[in-house]
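Residue-level structure breakdown
The chain contents come next:
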Amino acid sequence: MWRLHRAAVACEVCQSLVKHSSGIKGSLPLQKLHLVSRSIYHSHHPTLKLQRPQFRMSFHQFSSLTNLPLRKLKLSPIKYGYQPRRNFWPARLAARLLKLRYLILGSAVGGGYTAKKTFDQWKDMIPDLSDYKWIVPDIVWEIDEYIDLEKIRKALPNSEDLAKLAPDFDKIVESLSLLKDFFTTGHKLVSEVIGASDLLLLLGSPGETAFRATDHGSESDKHYRKVTDKEKIDQLQEELLHTQLKYQRILERLEKENKELRKLVLQKDDKGIHHRKLKKSLIDMYSEVLDVLSDYDASYNTQDHLPRVVVVGDQSAGKTSVLEMIAQARIFPRGSGEMMTRSPVKVTLSEGPHHVALFKDSSREFDLTKEEDLAALRHEIELRMRKNVKEGCTVSPETISLNVKGPGLQRMVLVDLPGVINTVTSGMAPDTKETIFSISKAYMQNPNAIILCIQDGSVDAERSIVTDLVSQMDPHGRRTIFVLTKVDLAEKNVASPSRIQQIIEGKLFPMKALGYFAVVTGKGNSSESIEAIREYEEEFFQNSKLLKTSMLKAHQVTTRNLSLAVSDCFWKMVRESVEQQADSFKATRFNLETEWKNNYPRLRELDRNELFEKAKNEILDEVISLSQVTPKHWEEILQQSLWERVSTHVIENIYLPAAQTMNSGTFNTTVDIKLKQWTDKQLPNKAVEVAWETLQEEFSRFMTEPKGKEHDDIFDKLKEAVKEESIKRHKWNDFAEDSLRVIQHNALEDRSISDKQQWDAAIYFMEEALQARLKDTENAIENMIGPDWKKRWLYWKNRTQEQFVHNETKNELEKMLKCNEEHPAYLASDEITTVRKNLESRGVEVDPSLIKDTWHQVYRRHFLKTALNHCNLCRRGFYYYQRHFVDSELECNDVVLFWRIQRMLAITANTLRQQLTNTEVRRLEKNVKEVLEDFAEDSEKKVKLLTGKRVQLAEDLKKVREIQEKLDAFIEALHQEK
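Okay, so let's go over this structure. The model shown is predicted, which means the values in this text are computed figures rather than measured ones. Per chain, residue numbering runs from 1 following the sequence as it is written. The predicted nature of this model means local features are confined to residues of pLDDT at least 70 and side-chain atom pairs, given and counted, to a pLDDT of 80 or more, with totals for whole chains, interfaces and linings taken over all residues. The side-chain quantities take in all heavy atoms of the structure and omit both hydrogens and water.

1. Re the pairing of strand β3 (residues 356-359)
Spelled out, the test is: Each residue gets one of three labels from its accessible area relative to the maximum for its type: buried under 20%, exposed over 50%, partly exposed in between, using a 1.4 Å probe on protein chains only. Helix numbers and strand numbers start at the N terminus; a helix is a DSSP run of H or I with at least 4 residues, a strand a run of E with at least 2. At least two DSSP bridges between two strands are needed for those strands to be called paired.
Alternating positions in β3 separate into two faces, V356 and L358 on one and A357 and F359 on the other, with burial throughout. For β3 and strand β4 (residues 366-367), the ladder comprises 2 bridges, and the chain directions are antiparallel. Within β4, the position partnered with A357 by the bridge is F366. Turn length for the β3-β4 hairpin, with the two strands adjacent in sequence and antiparallel, is 6 residues. In the sheet, β3 pairs with strand β5 (residues 400-405) via 4 bridges, with the strands oriented antiparallel. Looking at the pairing, L358 lines up with N403 of β5.

Here it is as structure tokens:
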């Protein structure tokens, strides 16, 4: 009723203003009345479109001024009823002027205050990213360099200044009361006060409080206000999500454009922009430091605390896919459920004009934009992994170093480790699980290593093994980044979405992490391109409930944000720790240099490679010295060695059977037949063997004989290995044996001794051969019969029973030879029986076989002594030889035989010497060079052959110096970048 009555009074006021306006010509239509008045008192007018509840909702949604306290208006009591209309134009004019003044002042004050509060509300709605500053790109935090936000904030008026500018409503009410007492038209004044209050509501004053002062409202209004608040919260959350996604899309578009621009600039200018060149070289320099350090200490026994991004995870958790998304190429071999990562792979990501990959020890570049190069790269990685794995093992700790360059790649060094397994399946080595754990621990125990823990979101969290391992290595989570993969499958299969949030926040695991990320690595198709996977990932997260329900923040999703975060964390760790590591290696270098000076003061510090080069030069010099051996020395060695090899055959199988014949004709015939058989079958092969053995002996002599004070025994094992391997590879020319057979056959066919000197040389050669055989025969007889009477008396030695029997048999046989000095070489049966009975008569039991053995040695000695006596007779027989022994009882056919043998040996030695010096020495030198080249490429062989404290100390000293120099250069470049 009160509201209806107030509306009636207001209508009368309006009518009076229209009909009785002094000083204003014309009529004032309803449409020109104040907007608030029309909306409140003339809601039934057909042309009115605005309703009062809409004003309340609209301005409350976008304004924050409703939170300010409202000063209570002290309205004077109004007496309602009929009052006569009066034309008092000064009061009406004052009221109009007063309303115009507050309209202008309220608009200025309320508008500024509304803008200030709206800016503060939007600023409060932005999430606090101070704890995640290392995740967000640097450009976001550098925006204050381009826009002075503090200056804008100071320029806006604060609440106190606005309060000073706002009118004092208490004084206004008091003034209105005085006017009411002074003027009689009180109901008009009341309408003006009501209009002022509605004006304040429109301008953003605490309208809800003012409206409650005039209208207590109903329960339906309160319910409407609650529904509106919930809708506003939902609407704001949705707008915030859309804003974040829009910001993300803008960033991605800018990054893509920037990537193309950088590519064009780098292609146009090979040197590139100075700043970009510095960044590119930084990661390459750091990667070189890690490579040298890996070679220096592959087992991580030293204090290697240089940062790396270590990628660990359960088998088939998606480690490889995450790395490929970061590298923007499908570079790793893959298999369905099969272990593919069999050794650590160090991937160095850097920026470059072309998207390529290359290995540390190879110059070949793989174009990652071509599918055939990608397939070749995957095949090469698989081959290197299988090569690193030793026989009987499944995984290897040896690292494969790979560099990946491309426009827009984040600079960092990642190490992909074999996936952690729970059980050992068939085909794996029994210690595979323990080996993978030891490799992972070796990398993660580095206090500056960033652990990128990969967890499969599509499987139960309780099945994870790697989280326990990571929590042991980094219990406080200060260097761990947790990545949940296959989130699309997790959201699809997991009944409770809050479980994914618990996994992301680390509430289901005992481990803690520095940051948590969720990624999607494709639809499980190995043929998907990186761009297709990225589009699918972005589309999924745009429609995912995880973002819409604020379970995940926008900076926690996609592999792009992950790579930015990991790169920033990596470089932060590098800057914090690299100088400390450089100081550590300086101290190590000082200790090693001091130890070297104390132990090897006069020796130069040569590492294993330098020592190998020095040994290589020495070995090649010694091989070349073989060609400087004189021909005479070669022939003497060859002739002597060949005679030692064939002398037994000549004496036993040729000379003795021929010498036991009855006449010279039979002797010569027997000799010719046996020489022909010997030459065709054995002699050439024996000669080649002798030549090859002679070359080996000379080569070994040059390689192993001490060089005086300059000899360094540290090379002995290497030289011995080179000698054996070279000899094993060397093969004598097969055609030499055939040509040598012809030469030897022609030499043995010649029987013409040209001069007395050759005759005497043949006799001397024969005597030496026979005396050597006689000496051997006497030694055999002595061993057979035991010591003689002198040794028995002087050295107190006794004969055994067997030796006694042999001695008695020898004495009996010698008696028989004295009776017949021309006895043939074989005993007759009756002679054996006679000897046995004679011995039995003296009480000596003897076996017939023993008699034959003893006879062989006794007759051999008798024959050799007779032959030597014959040599003395033949010294003067050259004259008879020239006359073919006509009218002479002297026959020296045995001397001719030995001359033929001697001449054959000389010609064979000369032929072999020519082949050695012209062919075989050069081929051996070539083999030695090949062996040295093979050893130079085999680091394990060098470590095995060049050993000792001196070598290891020099090796460590060189590596530490190289590491320190590279670290110093890297630190200098890092400071220049800052």
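2. What to know about the state of the cysteines
Defined simply, a disulfide is a covalent bond joining two cysteines at their sulfur atoms. Worth spelling out the cut-off: The term disulfide is used for any two cysteine sulfur atoms that are within 2.5 Å.
Using the criterion set out here, one finds 1 disulfide in the structure. C874 shares a disulfide with C892; S-S distance 2.1 Å. Between C874 and C892, the disulfide has an S-S torsion of -100 degrees and is therefore left-handed. On the criterion of sequence distance, the pair formed by C874 in helix α32 (residues 848-874) and C892 in the loop between α33 (878-882) and α34 (893-937) is long-range, its members being 18 residues apart. Among the residues examined, C874 registers a relative accessible area of 0% and is labelled buried. As a non-bridged cysteine, C871 has C874 as the owner of its nearest cysteine sulfur, 6.6 Å distant. When its relative accessible area of 1% is taken as the criterion, C871 is described as buried.

3. Some words on the nonpolar core
We apply this condition: Definition of nonpolar core: a set of buried residues of the types Ala, Val, Leu, Ile, Met, Phe, Trp, Tyr and Cys, connected through side-chain atoms within 4.5 Å. Contacts between residues were defined by any pair of non-hydrogen atoms, one from each residue, lying within 4.5 Å.
Ranked by internal contacts, the top residues of the largest apolar core, which has 101 residues, are W643, Y655, W678, L695, W759 and I901. For this core, the element with the highest residue contribution is α34, accounting for 17 residues. If near-sequence neighbours (up to four positions away) are discounted, W643 is found in contact with V650, F765, A769, F898, I901 and L905. Ranked by size, the runner-up nonpolar core spans 67 residues in total, among them F359, I400, I450 and L957.

4. Describing a negative patch on the surface
The test is simple: Two joining distances apply to patches: 9 Å for like charges and 5 Å for nonpolar side chains (Val, Leu, Ile, Met, Phe, Trp, Tyr), and every residue must have over 30% relative accessible area and no salt bridge. Accessible surface is estimated by sampling points in the Shrake-Rupley manner with a 1.4 Å probe; for residues, cover comes only from the protein chains shown. Salt bridges are defined by distance alone: a side-chain nitrogen of Lys or Arg within 4 Å of a carboxyl oxygen of Asp or Glu. In this count, Lys and Arg are taken as positive residues and Asp and Glu as negative ones, while His and the chain termini are left out. A charged residue contributes its charge at one atom only: NZ of Lys, CZ of Arg, CG of Asp or CD of Glu.
Taken together, the side chains of E398, E930, E933, E937, D938 and E940 present a region of like negative charge at the surface. Looking at the secondary structure, you find E940 in helix α35 (residues 939-945).

5. Describing the sheet that holds strand β7 (residues 450-456)
In space, the 9 strands of this open sheet follow the order β4-β3-β5-β2-β6-β1-β7-β8-β9, with mixed pairing throughout. Bordering the open sheet on either side are β4 and β9 (515-518), each of which pairs with just one other strand. In terms of strand pairing, strand β8 (residues 480-485) meets β9 through 4 bridges, oriented parallel. Residue pairing in the sheet places V483 in a bridge with F517 of β9.

6. With respect to the packing of helix α23 (residues 631-659) against helix α25 (residues 683-704)
Note the following rule: Interaxial angles span 0 to 180 degrees and are taken between N-to-C directions of axes, which are lines fitted to C-alpha atoms, for helices over the stretch in contact. For this classification, under 35 degrees means roughly parallel, over 145 means roughly antiparallel, 65 to 115 means roughly perpendicular, and everything else is oblique. Two helices that cross are described as forming a left-handed crossing if the nearer one is turned anticlockwise from the farther one by less than a right angle, and a right-handed crossing if clockwise. Residues are grouped as follows: Ala, Val, Leu, Ile, Met, Phe, Trp, Tyr, Cys and Pro are nonpolar; Asp, Glu, Lys and Arg are charged; every other residue, Gly included, is polar.
One way to put it is that α23 packs onto α25 with a least axis distance of 9 Å and a crossing angle of 125 degrees. Taken together, α23 and α25 sit at an angle that is classed as oblique. Note that α23 runs across α25; the crossing there is right-handed. Residues H633, W634, I637, L638, S641, L642, R645 and V646 of α23 form the contact with α25, whose participating residues are L683, K686, A687, E689, V690, A691, E693, T694, L695, E698 and R701. Of the residues belonging to the contact of α23 with α25, the class tally is 10 nonpolar, 3 polar and 6 charged.

7. Quick look at the packing of α23 against α32
At a minimum axis separation of 12 Å, α23 and α32 run at an interaxial angle of 75 degrees. Between α23 and α32, the angle falls in the class roughly perpendicular. Listed contacts from α32 to I651, E652, Y655, L656 and A659 of α23 are R860, F863 and A867. Classifying every residue of the contact of α23 with α32 gives 6 nonpolar, no polar and 2 charged.

8. So, unusual backbone geometry
Although it is not a glycine, S316 adopts a positive phi angle of roughly 65 degrees. Looking at where S316 falls in the secondary structure, it is placed in the loop between β1 (309-313) and α13 (319-327). The exposure class of S316 is partly exposed, given its relative accessible area of 43%. Here T558, not a glycine, exhibits a phi torsion of approximately 75 degrees, which is positive. Here T558 is to be found in the loop between α20 (545-548) and α21 (559-599). The class for T558 is buried, based on a relative accessible area of 6%.

In short, geometric facts, not functional conclusions.
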